[in-house]
Amino acid sequence: MKAYDIVIIGGGPAGLAAAIAAKRAGVDSILILERDKELGGILNQCIHNGFGLHTFKEELTGPEYAARFIDEAMELGIEYKLRTMVTDISHDKVVTALNREEGLFSIQAKAVVLSMGCRERSRGALNIPGYRPAGIFSAGTAQRLVNMEGYMPGREVVILGSGDIGLIMARRMTLEGAKVKVVAELMPYSGGLKRNIVQCLDDYGIPLKLSHTVVEIRGKERVEGITLAQVDDKGKPIPGTEEDYDCDTLLLSVGLIPENELSGDMGVEMNPVTSGPKVNERMETNIEGVFACGNVLHVHDLVDFVSEEAAAAGRNAARYVQGQEPRSAGQVVELKPVNGVRYTVPCTIDPEKMDDVQVVRFRVGGVYKSKAIGVYFDSEQVQHRRRQVMAPGEMEEIKLEKAKLLAHPGLKTITIQVEEA
């Protein structure tokens with residue numbers, strides 16, 4: 001059995017950033033396992049710009065952003081295997097994988113970084129009545145067909161779900177000559193970034209119908225049309241509000257799910273809100289030496305934050321295998337998301353082991369205007385930050401300083417909540 005210091009599962013933006021950070025931290029024995037035929041992950045099909053503004057201070061397309069990390073990984077001589085599927089990771093970090101060249105093989109790792117990304121929720125999860133005709137695609141599949149394979153999924157399009165991929169595909173299909181008739185969203189707010197609503201829908205005159213869903217798909221061999229209906233505050237269709245649209249294609253942008261089958265099977269403790277692992281300040285799971293980062297941890301809106309988070313996971317994995325982790329005083333502080341804050345990453349912080357500044361990322365559970373984010377050390381308020389608008393589609397963050405946590409030696413919980421400005 002081959003052995004590596006760090007094995008990274010997934011060669012997308014998170015896996016690449018983690019590998020580069022670990023290599024720069026002094027670990028040479030690193031292996032990336034990637035199931036696709038090339039590194040870069042989902043970025044290879046995201047040919048629109050808007051990537052890299054935080055990381056490189058310039059606007060790049062997805063493939064350009066990925067190429068910068070791939071080039072750096074190549075220069076550093078980081079080992080990787082493509083077309084390699086990981087089938088199992090044991091509790092003691094034995095990774096079982098297979099590919100055409102080597103068949104089934106096992107690798108013993110000292111540390112594992114989970115960076116498998118996420119997948120799209122399918123039609124089967126939606127319970128829409130009707131036959132199973134051709135012409136129903138997830139937005140990401142349609143994006144791959146158009147941008148990488150050179151196929152056009154259809155000419156008259158309805159999009160269900162206003163996540164970022166759905167919004168971007170509304171523009172992309174329009175630019176390729178299709179007619180996008182409507183984007184429907186079950187929730188009373190969009191799940192995508194505000195800039196994508198403006199640049200992808202408003203600029204092209206594509207209507208966005210909030211609090212609407214598809215209640216019927218017509219057509220047996222091929223989609224011939226769909227019926228939209230308005231929904232009430234419980235998400236149930238309201239009789240009498242149905243509208244018919246003729247179309248040959250239905251794109252689904254109805255949410256992303258972190259790819260955590262491997263994580264769950266190996267015993268990683270999961271967060272039911274994010275469907276990703278629970279991690280501490282070092283991006284480490286409940287299994288010592290197993291780290292998680294990127295969309296497998298929680299779904300991000302900007303890839304720049306994926307890279308930043310993954311670099312921290314890579315550095316901490318390197319410290320772990322080098323035996324350089326700071327000593328703990330045994331004080332673990334729990335982060336409590338309440339009153340409109342859905343979750344936090346990380347879930348716990350050990351003040352002795354954290355960096356000088358710890359970024360805590362989270363999402364809110366609704367649209368809030370002229371509110372504030374409050375941070376409390378036990379019952380003492382330590383931050384009160386006004387925000388004009390907060391929405392579920394845009395990730396929020398706060399920063400915690402190590403010195404301030406160490407000044408509260410008996411601290412048990414840090415509460416983060418939405419409150420009056």
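The rules behind each value
Residues numbered from 1 in each chain as written. Predicted model: local features only at pLDDT ≥ 70, side-chain atom pairs only at ≥ 80, totals over all residues. Heavy atoms only, no water. Helix = DSSP H or I, 4+ residues; strand = E, 2+ residues; numbered from the N terminus. Rg over C-alpha atoms; globule rule 2.2 N^0.38 Å. Buried < 20%, exposed > 50% of the residue type's maximum accessible area, 1.4 Å probe, protein only. Contact = heavy atoms within 4.5 Å. Areas by Shrake-Rupley, 256 points an atom, 1.4 Å probe, with all protein chains shown as cover. Lys, Arg positive; Asp, Glu negative; His and termini not counted. Charge placed at Lys NZ, Arg CZ, Asp CG, Glu CD. Pairing = 2+ DSSP bridges. Axes fitted to C-alpha atoms, helices over the stretch in contact; angles between N-to-C directions.

A.B. asks: Got a sec to walk through the overall build of the chain? Specific residues and values, please.
C.D. replies: Regarding its fold elements, the chain presents 8 helices and 28 strands. The C-alpha atoms of the chain give 22 Å as radius of gyration, which agrees with the globular expectation for 421 residues (22 Å, within 12%). Dimensions of the chain along its principal axes, counting C-alpha atoms only, are 65 × 60 × 40 Å. Relative to its 421 residues, the chain shows a buried fraction of 53%. Long-range pairs, those at least 24 residues apart, make up 63% of the contacts in the chain between residues at least 6 apart in sequence. Roughly 18,800 Å² of accessible area belongs to the chain as shown, and the carbon and sulfur atoms make up 48% of that amount. Positive and negative side-chain charges in the chain, numbering 49 and 59 respectively, have mean positions lying 1 Å apart.

A.B. asks: If you had to explain unusual backbone geometry to someone new, which residues and values would you point to?
C.D. replies: Pro 346 follows Val 345 through a cis peptide bond whose omega is 5°. Structurally, Pro 346 can be placed in the loop between strand S22 (333-338) and strand S23 (348-349). Even without being a glycine, Lys 57 presents a positive backbone phi close to 60°. When you line up the elements, Lys 57 lands in the loop between strand S3 (49-51) and strand S4 (60-61). Its identity is not glycine, yet Lys 93 carries a phi of approximately 65°, on the positive side. Of note, Lys 93 is situated in the loop between strand S6 (85-89) and strand S7 (94-99). Note on Lys 93: relative accessible area 11%, which makes it buried.

A.B. asks: Residues and numbers for the sheet that holds strand S16 (residues 243-246), please.
C.D. replies: Pairing is antiparallel across the open sheet formed by 3 strands, whose spatial order is S14-S15-S16. Both outer strands of the open sheet, strand S14 (212-218) and S16, are each paired with one neighbouring strand and no more. For this sheet, the mean angle separating the axes of adjacent strands, direction not counted, is 30°. Bridge count for S14 against strand S15 (residues 225-230) is 6 bridges, and the pairing is antiparallel. Bridging across to S15, Thr 213 finds its partner in Ala 229.

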